[in-house]
Amino acid sequence: MMTYDQTYDVIVVGAGHAGCEAALAAARMGCRTMLLTINLDAIALMSCNPSIGGLAKGHLVKEIDALGGEMAKNIDATGIQFRILNTKKGPAVRASRAQADKQLYRLRMKRVLEQQNNLDLKQGEVTALYLEDGELRGVDLKSGIRFLSRTVVVTTGTFMRGLIHIGLNNYPGGRAGDQPSIGLSDHMRALGFQVGRLKTGTPARLDARSIDFTKLETQFGDDPPQPFSFSTDRIIMQQVPCHIAYTNPHSHDIIRSGLDRSPLYSGIIEGIGPRYCPSIEDKVVRFPDKDRHQTFIEPEGLDTVEVYPSGMSTSLPIDIQIAFYRSIVGLERVEIMRPAYAIEYDYVDPIQLHSSLETKVLKNLFHAGQINGTSGYEEAAGQGLVAGINAALRVQGRESLVLGRSEAYIGVMIDDLVTLGTKEPYRMFTSRAEYRLLLREDNADLRLREIGYQLGLVDEQEFARFSEKRSKIAVELERIAATRLQLSEHEREVLARLGIADIQKGTTLEHLLKRSDICYDDLAELGHVPRETSAVICEQVEIQTKYRGYIDRQLEQVEQAKKLESTIIPADLDYVSVKSLTTEVREKLSKYRPDTLGQASRIPGVTPAAISILSISLKSSSWKGNDEQCIQ
């Protein structure tokens, strides 16, 4: 084994969406970093749908951007259709989504990585971690090279023992066209990690020239398109529509006819698939009374005829795939350019991680992305960013970054993973956050920008721009709280036109804006909004004003929960010695090894009474309790 003559601060294994964010974060924080990947031409490749964002996922992308990550900037530069989802609902659940030009997205990210100071890119397959006296010292490659490093971030995606299924045929692969990673997961299992098996899948890629789009419903993006990044002023990419199609009863009959050759239903696939992104055959079986399922036919780029039928993933045999896709109206003569497939892969149970994403089994080793059991580019990127940050902080001898559940969706996701683990691919939803009114897309920069700046991931120019925005919001909030209606003739005319007759002289603009039937445009019509006030400032002030009562209530809940979240549980605590705990609670706490009382409180079966007992025990000088009473 040859040892390379450069010792790195951080080595990142894998160049998917998690690996890209991890490597950029570590390098931007001043650490000598190397990004290792099996194929340098597949950096940030979108293996499934070439899109970014969506419900809750858009929140993650905004947070990544606020902290200084790259994903939002990358989609803004390469997106070909942007839409805001849930516009008729409240601000907490509105979400951004954009379709990407698949090739431009990966090429731009590769260029950003290549131009980043402190970052080396190398092609190679990692087969083992290198340890000296039980301590992590680097990684070993299949090619016989050993790279030394102070920390390692593993972001292997679906590559560890990846197995692709099309009907009853299967073959090794990390994704279609790429070889799998063999040996690393077996090595990690030997080190004491709990390694499991998951499954995901992707639809076929279709030839747009063989589709009759006149039979389909056209869906355009927003005009003008709204950027993801707080640093992007406007979208300059050409925008294109997608189209809506539907399956039908004949489609479902074709699918049922092939179930005997489906690896999903014949028992060949062992891994558990994503509950919230089922294959089309799973939809047909689980919802037999539903006579159609919707699909969006989405372009894969401006310079390709390949299109992506969302929601139509399958592992059925190729003959069934052809017949099924051709049964859809408008797709009667469709040609499949790349067949749909399912893929099984190894993951490592995330309960073996601290909230910093450092493993409990091996110090200085961090995991991020699908190795932790998640699904989705956005979930992976959020974890990669945190893992890269914390690997750099470890090298620099600084305290780890841990985002709380009240600070970010990234914090909710990581806490869910490390506290509860997962037996199926984890997907982010707004319903997972108990403080979702605080964790909106629109205020991600107000929550996290300063943290990114302190870490060195947000430069002076961007932070100055943010500071100006924050200042203007504060000034405008003060102004509307102090400005009162005089009920002039003009004001009376406007209020009458709005159908509002119960306003008294001296009413503040703040009080007026709290009403559900008044918006900022109405204040402008009244003549009480300076012309230079931007739409972004108006939106933020309006949201903070209208929802202040609810926001304050959630802030109070956060304060109440802080004591639990900040109480650290020693890593070597012997739960068996806490006699007042039930056997069940001791077993669960011993298995999950929570870092804080807050994490312990979210483990199923750990009761509030058990948390109280544990809290009292932590305050004592000894872990041995004398109370033999069994608390249920």
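Our structure's up above, just so we're on the same page.
This structure is a prediction, so every number in the text was calculated from the model and none was measured.

1. Quick word on the nonpolar core
Core analysis: the biggest nonpolar cluster contains 83 residues, and Ile 52, Tyr 105, Ile 389 and Ile 410 have the highest contact counts within it. Of all hydrophobic cores here, the second largest spans 22 residues; its members include Tyr 8, Val 126, Leu 136 and Ile 371.

2. With respect to the pattern of salt bridges
In total, this model carries 48 salt bridges according to the counting rule given. The residue Arg 205 makes a salt bridge to Glu 300 at a minimum N-O spacing of 2.9 Å. Remark: Glu 300 occurs in the loop between strand E16 (294-299) and strand E17 (306-309) and Arg 205 occurs in strand E13 (residues 205-207); sequence separation between them is 95 residues. For Glu 300, a relative accessible area of 4% puts it in the buried group. With its nearest N and O atoms 3.5 Å apart, the salt bridge here joins Asp 349 to Lys 423. Of this pair, Asp 349 sits in the loop between strand E19 (341-348) and strand E20 (365-367) while Lys 423 sits in the loop between helix H10 (409-420) and helix H11 (444-455); the two residues are 74 residues apart in sequence, bridging distant segments of the chain. Counted as one network, the salt bridges with shared partners bring together Arg 405, Asp 415, Asp 416, Glu 434, Glu 565 and Arg 602.

3. Here we look at unusual backbone geometry
Note that the residue after Asp 223, namely Pro 224, is joined by a cis bond; omega there is 5°. In this fold, Pro 224 is placed in the loop between strand E14 (217-219) and strand E15 (242-246). The phi torsion at Asn 118 lies on the positive side, around 70°, for a residue other than glycine. Along the polypeptide, Asn 118 turns up in the loop between helix H4 (102-114) and strand E6 (119-123). For Arg 161, which is not glycine, the phi dihedral falls at a positive 50°. Turning to its location among the elements, Arg 161 is positioned in the loop between strand E9 (145-154) and strand E10 (163-166).

Conventions and cut-offs
Residues numbered from 1 in each chain as written. Predicted model: local features only at pLDDT ≥ 70, side-chain atom pairs only at ≥ 80, totals over all residues. Heavy atoms only, no water. Core = buried A, V, L, I, M, F, W, Y, C linked by side-chain atoms within 4.5 Å. Buried < 20%, exposed > 50% of the residue type's maximum accessible area, 1.4 Å probe, protein only. Salt bridge = Lys/Arg side-chain N within 4 Å of Asp/Glu carboxyl O. Helix = DSSP H or I, 4+ residues; strand = E, 2+ residues; numbered from the N terminus.

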